[in-house]
Each structure stands twice: as C-alpha cells, then as structure tokens.
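Fold and contact review
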Amino acid sequence: MVKYKFPDDFIWGVATSAYQIEGAYNKDGKGENIWDRFTSIPGNIYKNHNGNVACDHYHLYQSDINILKELGIKNYRFSISWARIFPDGYGKVNQKGIEYYRRLINALLDKGIQPAITLYHWDLPQELQDIGGWTNKKVVDYFVEYAELMFKEFGDLVPIWITHNEPWVVSILGHAWGVHAPGIKDYKIALKVAHNILLSHGKVVKLYRSMSLKGKIGITLNLSSIHSATDSEKDLLAAKIYDGFMNRWFLDAILKGSYPEDMKKLYNELNILPQFSDDDMKIINERIDFLGINYYTRSVVKYDENAYPLKVSMLDLDNPKTDMGWEIYPKGLYELLINLHKNYDGIDILITENGAAFNDIVNYKGKVVDDYRIDYLYRHLLEAYRAICDGVNLKGYYLWSFLDNFEWAEGYSKRFGIVFVDYNTQKRIIKDSAYWYSDVIKNNGITE
Ligand SMILES: OC[C@@H]1[C@@H](O)[C@H](O)[C@@H](O)c2[nH]c(CCc3ccccc3)c[n+]21
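The text that follows walks through the structure, step by step, so that each part is easy to find. Just so you know, these numbers come straight off a predicted model, no measurement behind them.

About the cut-offs
- Residues numbered from 1 in each chain as written.
- Predicted model: local features only at pLDDT ≥ 70, side-chain atom pairs only at ≥ 80, totals over all residues.
- Heavy atoms only, no water.
- Helix = DSSP H or I, 4+ residues; strand = E, 2+ residues; numbered from the N terminus.
- Buried < 20%, exposed > 50% of the residue type's maximum accessible area, 1.4 Å probe, protein only.
- Polar contact = N/O pair within 3.5 Å; in protein donor to acceptor, adjacent residues only side chain to side chain.
- Contact = heavy atoms within 4.5 Å.
- Core = buried A, V, L, I, M, F, W, Y, C linked by side-chain atoms within 4.5 Å.
- Phe/Tyr/Trp six-rings, centres within 6.5 Å; stacked < 30°, edge-to-face > 60°.
- Lys NZ or Arg CZ within 6 Å of the ring centre and 35° of its normal.

1. Brief notes about the side chain of Asn247
In this fold, Asn247 is placed in helix α10 (residues 233-256). Assessed through its relative accessible area of 3%, Asn247 is described here as buried. A polar atom in the side chain of Asn247 sits 2.8 Å from the side chain of Asp243. Excluding residues within four positions of it along the chain, Asn247 makes contact with Asn222, Leu223, Ser224, Ile226 and Tyr242.

2. What about the nonpolar core?
Among the nonpolar cores identified, the biggest contains 160 residues, and Trp35, Trp82, Met150, Trp161, Ile293 and Tyr437 are the most heavily contacted of them. Once residues within four sequence positions are removed from consideration, Trp82 is found in contact with Gly89, Tyr120, Asp123, Leu124, Pro125, Leu128, Trp134, Val139, Tyr142, Phe143 and Tyr146.

3. Remarks on the packing of aromatic side chains
Taken as a whole, this structure holds 45 aromatic pairs when the rule is applied. For the ring pair Trp326 and Phe416, a centre distance of 6.2 Å and an interplane angle of 50° mean the geometry is tilted. Residue Trp326 is located in the loop between β10 (312-314) and α13 (331-343), and its partner Phe416 is located in the loop between β12 (394-400) and β13 (419-422); the two are separated by 90 residues in the primary sequence. Aromatic ring contacts, followed pair by pair, group Tyr19, Trp35, Phe38, Trp122, Phe406, Trp408, Tyr412 and Tyr423 into a single cluster. Against the face of Tyr100 rests Arg84, its NZ or CZ located 6.0 Å from the ring centre. Over the face of the ring belonging to Phe420 we find Arg415, whose NZ or CZ atom lies 3.9 Å from the ring centre.

Dropping the structure here:
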C-alpha cells in the first residue's frame, strides 16, 4: 500500500555531470577544461585523483543506460562538456563531441528515458580561463554561442534544459575559497564571476525563448536552510547574512530582477560589490519555467568577529552526518521548499539534486547494503511529500547520484551513487538503495 503517493506526473530521475563520470578527458577532439588543469596540479585533489578516466561513461554509456532501464528510471539529468563541443571554448566545432551526445540522447530516448541537460556543470574550457574565465564578458557571449549550437542540435529532442549548475559554488568555491577550479581566492572576483554567470543564464533563456522550442528551461541553485546558533541578535543577523550570501543573492536576481538591498549594502561596505546595470538585471530576470534546487543539508551559523568577510561561521554540530560531514537534516528541505513557494510566487520547482555519500562496502555476497542511504532518501522524500501536500509546486526529484563518481576536491573517496563503481575494473554493482528507489518510482510514492 502506497502511504505517500506523489502527483501522477511527478518526475523521478537521477543526476550526474560530465566531468564526474565521462573520463575520455582527451579523446575524440575534446579540449582541455579547467578541471583537467586543476586536478593536474598536485595538492588540489584528494590523493591527486582526477577525471581522466572516472567511470569511463564516455565508452560505457550504453550499458549504464541499460541499468537505468532495468531500474525503471525514466528521467536522467546529465551535463554536456563544453570543451567536447568547442575545444577552444568558441569558434571551431568538434563534430565528434556533438556525435557523442547525439548517441547518448538517442540511446536514452530509445529506452523511454527523458533527458534533462545541464549546459554548464563547472567544466569551463581552459582556453577561456586563459582570457579571464567568467570575469571576462566575452565568455558570457561564448556561452551563448555554445548554448545556441546545443539548442539547434538537440533542442527538439530534450524537454528540460538547465543553464547553470550552482553559480554560488562556481563563484565561491572556485573564486573566493579556491578549493575548486580555477582555484582563485578573491571575493571581489567571485562576485563578478557570479554576476557574469547570471548574465549568461539570462541571455541563454532569452535565446531559448526566441527559438520557439517546446521544452522547459531553468537554472539550478544550491540552497540551504539557514539556522542561527542562538536567538541572540548577532547570531540572528549572521543567519540573515548567510541566507543572503548563499540563497537570496541568486534567488532575488533571477526571480525578482534585483540583488537584495541588505547584501548590496554589505558588499559595498566590504568593497566586493560587482559593477552592474539595470539592463543587466533585466536580462538576469528573464522568466524561467522552473527553479532547480540542490538540497543536501542545512547550515547552522553564528556571529564570528574573526570570520572574513561576513563575520559568520558555521557550527559543526554533533548530529548524524553523511560521509561528507554534512548534517542529515531532512526538515531543512521542507522549510526550504515552503520558503521558496511563499517568497517567490509559487514558482515550479525541480529538486535537481539530493543524496548522500556513505562509506559503502561490497559485502561477501557481492552486494552493497546501503541502508543509511535508503534512510536518508526516505526521510528527504517524506519532507518533499509534505511540502507538496502544503501546496508547493514541486514537479520532480533527481537523485544525486546515478553512479559513484569523481567528487571534486574529494576525488573518488566519497560515494554518492545508487550504483557502486569499482574503479579498478569499471564494474557496476546496483546498490540496495537503487532497488529501493526503483520501487518508489514504480509505486509513484513511498510505501512504509
Ligand atoms: O557533493 C555532491 C554533489 C556534487 O557531486 C555535484 O556535482 C554538485 O552539483 C553538488 N552540489 C552540492 C551542494 C553544494 C556543494 C558543492 C560542493 C561542495 C560543497 C557543497 C553537492 N553536490
């Protein structure tokens, strides 16, 4: 008996990204990208792991799609590697790159699986980084050129398009904290990068509209429910600032056409506010069909005099955590969904990522009994269900991730997949969580 039944047309899917699973980093004309470069520099990545081979999905995509079919998964979110299409980032087109993605898309459609394509999941062509990357307005135009070719090639086959994956992570982890490619540590640069990424998003949405394509287009943001450590005035302000820093800066620009006043004032005082025009904000505010959200955990923050630049630091609570050290806090997903529904006019939402890394082992029977992951997924789906019951226009859920894969700075040490990957043999082992998720999809809901 299905206890928590989801709406009839609810989208159940899984998600991956190009650099994390494809491998073939220098095959068939692909150009170098900033993660090829970043991972080649010793010290950047756990045990200097890289995506040169990853899950070799570039060659194994057909057997991987057969697993999706076997599990009854009908929606698959993946990203296109820009440098496979434009090895230099613009100009010369690599036909072999286009042919790969056409084979991949047709193989999915042949199995009745709907593709959802992310145009940018962090892997900027290195040639573009060499001219300043996202700090350079020319890169904004090159992104539009890349998107236009993808819409021309695949626009009639692909029903869901996501311009960018997590501009906050690209901006902050890549350009303020320096722990992601290209490894820059400058808040002023980071906020300029965020602005240009948002500009490129708006221009691509406008382009998509002009091509009278039949699908839906949106953007994916990593969002978190922000809680203050105490009810003190300082901690409450710290929570408001961190909410502005991670969530409202992007949500307000995209959905309201202006950056939040409190954060503009703060960034101006800190001399890190980027330059922008009213025209820029109109472009960024181009109407989207859905908001993609990646939810993993909440953030509990406090005022911290010594924390540059926001005077906010995160608490490390002694609560259950995943292998990433992220607190397991399902209620944060409900809170986030309700807040988005209330504050952003009930916009349609897709959960484009939710999942957990745990230290999976293959047992003596060759199985992966990942009850922790099933528990994490169950609890978060229950909160998603509650949000739908309370009126949130939640249209779908893409589980992160289909396969264990290259987890950025953590390399292959963190396993998010519902399918285990033995990187020595490239063997796939379907984890118990995949069979559990297969049942959820079959029942369109949760049974217990
Ligand atoms: O860390 C798990 C996944 C990544 O593998 C995806 O590529 C990325 O879209 C994604 N975003 C988040 C939440 C934001 C975040 C990203 C990286 C590091 C810390 C937090 C978690 N994840």
